[in-house]
Amino acid sequence: MTSTSPAARAPLGVADPVRLLRSWTPGSGSWFSGPAGSLRTRGVLTGLPPGDADAVLRCLRDLGDDAVAVGALPFDPAADAHLVVPEHVERADPLGAVLVAGPGGSPVAGTARPIPAPAAYEAMVAEALARMAAGGLDKVVLARALEVVADGPVDAVPMLRELARRDPRSYLFAVDLPPERAGTPRTLLGASPELLLSRRGATVTANPLAGSAARSSDPEEDRRRGEALLASAKDRHEHALVVADVAERLRPVVDDLEVPAAPSLVRTPTLWHLSTTVRARATDRDTSALHLAQALHPTPAVCGVPRAAAHTAITEIEPFDRGFYTGAVGWTDARGDGEWVMALRCGEVQGDRVRLWAGAGIVPASRPADELAETGVKLRTLLDALGLDEA
Ligand SMILES: C=C(O[C@H]1C=CC=C(C(=O)O)[C@@H]1O)C(=O)O
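Residues numbered from 1 in each chain as written. Predicted model: local features only at pLDDT ≥ 70, side-chain atom pairs only at ≥ 80, totals over all residues. Heavy atoms only, no water.

A.B. asks: Would you explain the packing of aromatic side chains in this entry?
C.D. replies: Tallying each qualifying case throughout the model produces 1 aromatic pair. Here Tyr 325 and Trp 357 contribute two aromatic rings whose centre-to-centre distance is 5.3 Å and whose plane-to-plane angle is 5°, an arrangement assigned as stacked. Of this pair, Tyr 325 sits in the loop between helix 8 (307–317) and strand 21 (328–333) while Trp 357 sits in strand 24 (residues 353–362), and the two are 32 residues apart along the sequence. Seen from the ring of Trp 272, Arg 215 lies directly overhead, with NZ or CZ sitting 5.0 Å from the centre. Directly above the aromatic system of Phe 75 lies the positively charged group of Arg 322, at a separation of 4.3 Å from the ring centroid. (Phe/Tyr/Trp six-rings, centres within 6.5 Å; stacked < 30°, edge-to-face > 60°. Helix = DSSP H or I, 4+ residues; strand = E, 2+ residues; numbered from the N terminus. Lys NZ or Arg CZ within 6 Å of the ring centre and 35° of its normal.)

A.B. asks: Sorry if this is basic, but what is going on with the packing of helix 2 (residues 53–63) against helix 7 (residues 289–296) here?
C.D. replies: A packed helix pair is summarised by two numbers, namely the angle formed by the two axes and the spacing between the axes. Two elements in contact, helix 2 and helix 7, have axes separated by 9 Å at closest approach and are oriented at 165°. In terms of orientation, helix 2 and helix 7 fall into the roughly antiparallel class. The two elements helix 2 and helix 7 cross, and the hand of that crossing is right-handed. Where helix 2 approaches helix 7, its residues Ala 53, Asp 54, Val 56 and Leu 57 are matched on the opposing element by Leu 290, His 291 and Gln 294. Split by residue class, the contact of helix 2 with helix 7 holds 4 nonpolar, 2 polar and 1 charged. (Axes fitted to C-alpha atoms, helices over the stretch in contact; angles between N-to-C directions. Parallel < 35°, antiparallel > 145°, perpendicular 65-115°, else oblique. Left-handed = near helix turned anticlockwise from the far one by under 90°. Contact = heavy atoms within 4.5 Å. Nonpolar A, V, L, I, M, F, W, Y, C, P; charged D, E, K, R; others polar.)

A.B. asks: What's the story with the sheet that holds strand 6 (residues 68–73) in this structure? I'm lost.
C.D. replies: Adjacent strands of a sheet form backbone hydrogen bonds with each other and so pair up, either parallel or antiparallel. Ordered in space as 5-7-6-21-22-13-14-19-16, the 9 strands form an open sheet in which the pairing is antiparallel. Single-partner strands in this sheet number two, and they are strand 5 (46–47) and strand 16 (255–258). Direction of pairing for strand 16 relative to strand 19 (residues 278–281): antiparallel, over a ladder of 2 bridges. Directly across from Glu 258, in strand 19, lies its bridge partner Arg 279. Each of strand 5, strand 6, strand 7 (82–85) and strand 21 is contacted by helix 2, which is oriented at about 45° to strand 21, the strand it contacts most. Those strands touched by helix 7 are strand 6, strand 7, strand 13 (195–200), strand 14 (203–207), strand 21 and strand 22 (338–342), and its axis lies near 150° from that of strand 13. (Pairing = 2+ DSSP bridges.)

A.B. asks: Teacher, can you tell me more about unusual backbone geometry here?
C.D. replies: Backbone geometry follows two general trends: most residues other than glycine have a negative phi, and most peptide bonds adopt the trans configuration. Cis geometry is adopted by the peptide bond preceding Pro 116, which originates at Ile 115 and carries an omega value of -5°. In this fold, Pro 116 is placed in the loop between strand 9 (110–115) and helix 3 (118–134). Here the residue pair His 297 and Pro 298 is connected by a cis peptide bond, since its omega of -5° sits within 30 degrees of zero. With respect to the helices and strands, the residue Pro 298 is situated in the loop between helix 7 and strand 20 (304–305). Of note in the backbone geometry, Asp 256 takes a positive phi value of approximately 50° without being a glycine. Here Thr 326, not a glycine, exhibits a phi torsion of approximately 65°, which is positive.

A.B. asks: Got a minute to help me understand the pairing of strand 14 in this structure?
C.D. replies: Residues in a regular strand point their side chains to alternate faces of the sheet. Counted residue by residue, strand 14 has 4 buried out of 5 residues, so it is predominantly covered. Inspection of the sheet shows strand 13 paired to strand 14 by 4 bridges, in the antiparallel sense. Each bridged residue has a counterpart across the sheet, and for Arg 200 the counterpart in strand 14 is Thr 203. Where strand 13 hands over to strand 14, the hairpin turn is made up of 2 residues, of which Gly 201 adopts a positive phi near 60°. Of the strand pairs in this sheet, strand 14 and strand 19 are connected by 4 bridges, and their pairing is antiparallel. When the bridges of strand 19 are listed, Ala 206 appears paired with Val 278. (Buried < 20%, exposed > 50% of the residue type's maximum accessible area, 1.4 Å probe, protein only.)

A.B. asks: What is the right way to look at helix 5 (residues 219–231) in this model?
C.D. replies: Quick reminder: α-helices carry 3.6 residues per turn. Residues three or four places apart thus point the same way. Under the 1.5 Å per step criterion, the end-to-end length of helix 5 is 18 Å for 13 residues, consistent within 8% with the ideal 18 Å. Residues of helix 5 that are buried include every one of Asp 222, Gly 226 and Leu 229, and no others. Buried residues along helix 5 cover an arc of 60° about the axis, so they all sit on one side. Where helix 5 is buried, its residues touch strand 15 (209–214), helix 6 (233–250), strand 17 (264–267) and strand 18 (271–275). (Expected span 1.5 Å × (residues − 1). Arc of directions from axis to C-beta.)

A.B. asks: Is there a simple way to explain the pattern of salt bridges in this structure?
C.D. replies: Pairs can form between side chains of opposite charge once their charged atoms are near each other. Under the counting rule described, the total for this entry stands at 30 salt bridges. One salt bridge in this structure joins Glu 90 and Arg 19, with 2.9 Å as the shortest N-O distance. Here Arg 19 lies in helix 1 (residues 17–23) and Glu 90 lies in strand 8 (residues 88–92), a separation of 71 residues in the sequence. Under the relative-accessibility criterion, Glu 90 is labelled buried at 2%. We note a salt bridge from Arg 215 to Asp 222, for which the minimum N-O separation is 2.8 Å. Three or more residues are tied together by salt bridges with common partners; here these are Glu 162, Arg 165, Arg 166, Arg 380 and Asp 384. (Salt bridge = Lys/Arg side-chain N within 4 Å of Asp/Glu carboxyl O.)

A.B. asks: Please explain the sheet that holds strand 17 as it appears in this structure.
C.D. replies: Taken in spatial order, the 3 strands line up as 15-18-17 in an open sheet, and their pairing is antiparallel. Each having just a single partner strand, strand 15 and strand 17 make up the two edges of the open sheet. On average, adjacent strands in this sheet sit at an angle of 30° to one another, irrespective of strand direction. Looking at chain direction, strand 15 and strand 18 are connected through 4 bridges and run antiparallel. Across the sheet, the residue bridging to Ala 213 is Trp 272, located in strand 18.

As structure tokens, this is what we get:
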């Protein structure tokens, strides 16, 4: 069955996930795919208040039971979110293991400038370690960026297909952002491994990740690296800080919180991560997925502990504004259901520019060279989609 329906009125259709992916073009709306399904939106019925989850839920309820809001939350909770009610919404099964056939497109020709230079990123990590030694900061996530300037306009379509081809089981997204230049679409696209929060009926799920190790092409070495990550005291500590924060912030707004005592391993094509799936029951119909996502964000997987000190350190140490990177992308609907995914392993495409980012959690046992290398591996997700070698 396939249908395209006005978001606010008719039931949502169930379409072919590959067709939905193939239907996406920059500026035409947004596209999401994850283990629970795919979503493609078109047009804008109305914009929404930038950060007010109560007002968003009220507005969706006024529009009808099937109304959906989609968009992106910035890293800085004080900055404006970008949320819209689309004109049309289609849903499909997860892309999952579905083969996304076809060539990914030719490599982008151009230059990539690291921001800051690699040695300066190591100095940033050293600065964070000095702040930790001085007291008052237990963990901070520090990011670096690559600014790609291409020889012509960058086509986000083959990039998205290549991301999907390489990792169809990740949380894939292409979100329309408000253009900075009239007539030039601006898209945030990526393949994130991390679910910030989903709510389906009463079931609430969060899946914090923190603690990473590069994969190896040799199966034996790859397995060894995964096991070493699971046994690493430094990474277990980095991870535990995130899980504790997520549990503490969810507890007041949910029932029956279940937090596993130890993490497990998850993998992307390039990295192993420590992962904990937190489950709970939502009891209040006025607490939507957006409310819950905002209650958690920014978790120490992207900010740090304590949150305020980490946020200050990020603002003072990083040489750029993160914008929507390390924010969240996703949707919430009139019933309060929704899914918000961490905006990681992503890039922003606009005209002839692509900006990509990667960060790493810094704890007192971190070493600058290791964190630089880890961010290099994380940048590969988007560099591979662009067909570029630089990291
Ligand atoms: C900040 C990023 O990853 C976060 C999510 C998973 C693992 C992380 C880590 O091990 O440092 C980071 O906290 C990023 O990919 O840019």
